Amino acid sequence: QVQLVESGGGLVQPGGSLRLSCAASGRIPSFNVMGWYRQAPGKERELVATITSIGSTNYADSVKGRFTIARDNQKNTVYLQMNSLKPEDTAVYSCTLRRWLSDSGYWGQGTQVTVSS
């Protein structure tokens, strides 16, 4: 079993920055993919970014150049550095972990990010 706990959400002005953290614990597969999803009110959940246990990353087009995903394998933690935030980034951000090539995994509880003036 894997547990994921997110932190770092909050209220920020447009153009500001936030860093989200997701700490994983339990039986973590050696080869895995961790990622961040977000869901805004009235919108479908969308994938923001992913990172594998060896450091390969992917980003949604809407966040490329603004967001950076990274991980610290010693601390079993993944981060999402969000810069140049826009109001349309407002959403509940959730951390996920899945085994590489698996179609199922684990979810954190989510953390609210609100970008507003």
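Residues numbered from 1 in each chain as written. Predicted model: local features only at pLDDT ≥ 70, side-chain atom pairs only at ≥ 80, totals over all residues. Heavy atoms only, no water.

Caption draft 1: Here's a closer look at the sheet that holds strand β8 (residues 77-82). Read from one edge to the other, the open sheet built from four strands follows the order β1-β3-β8-β7, with strand pairing classed as antiparallel. Of all the strands in the sheet, the pair left with one neighbour each is β1 (2-7) and β7 (67-72). Strand after strand, the sheet turns through a mean of 15 degrees between neighbouring axes, direction not considered. Bridging between β1 and strand β3 (residues 18-26) involves six bridges; their strand directions are antiparallel. When the sheet's bridge partners are listed, Val5 is paired in β3 with Ala23. (Pairing = 2+ DSSP bridges. Helix = DSSP H or I, 4+ residues; strand = E, 2+ residues; numbered from the N terminus. Axes fitted to C-alpha atoms, helices over the stretch in contact; angles between N-to-C directions.)

Caption draft 2: Geometry of the pattern of salt bridges. Under the defined criterion, the tally for this structure stands at four salt bridges. Put simply, Arg38 and Asp89 hold a salt bridge, and the shortest N to O gap is 2.9 Å. One end of the pair, Arg38, is in strand β4 (residues 32-39); the other, Asp89, is in the loop between β8 and β9 (91-99), and 51 residues separate them in sequence. For Asp89, a relative accessible area of 1% translates into the label buried. Residue Asp61 is joined to Lys64 by a salt bridge in which the shortest nitrogen-to-oxygen separation is 3.1 Å. Just as Asp61 is exposed, Lys64 falls in that class too. Several salt bridges share partner residues, and in doing so they unite Arg38, Glu46, Arg66 and Asp89 into one network. (Salt bridge = Lys/Arg side-chain N within 4 Å of Asp/Glu carboxyl O. Buried < 20%, exposed > 50% of the residue type's maximum accessible area, 1.4 Å probe, protein only.)

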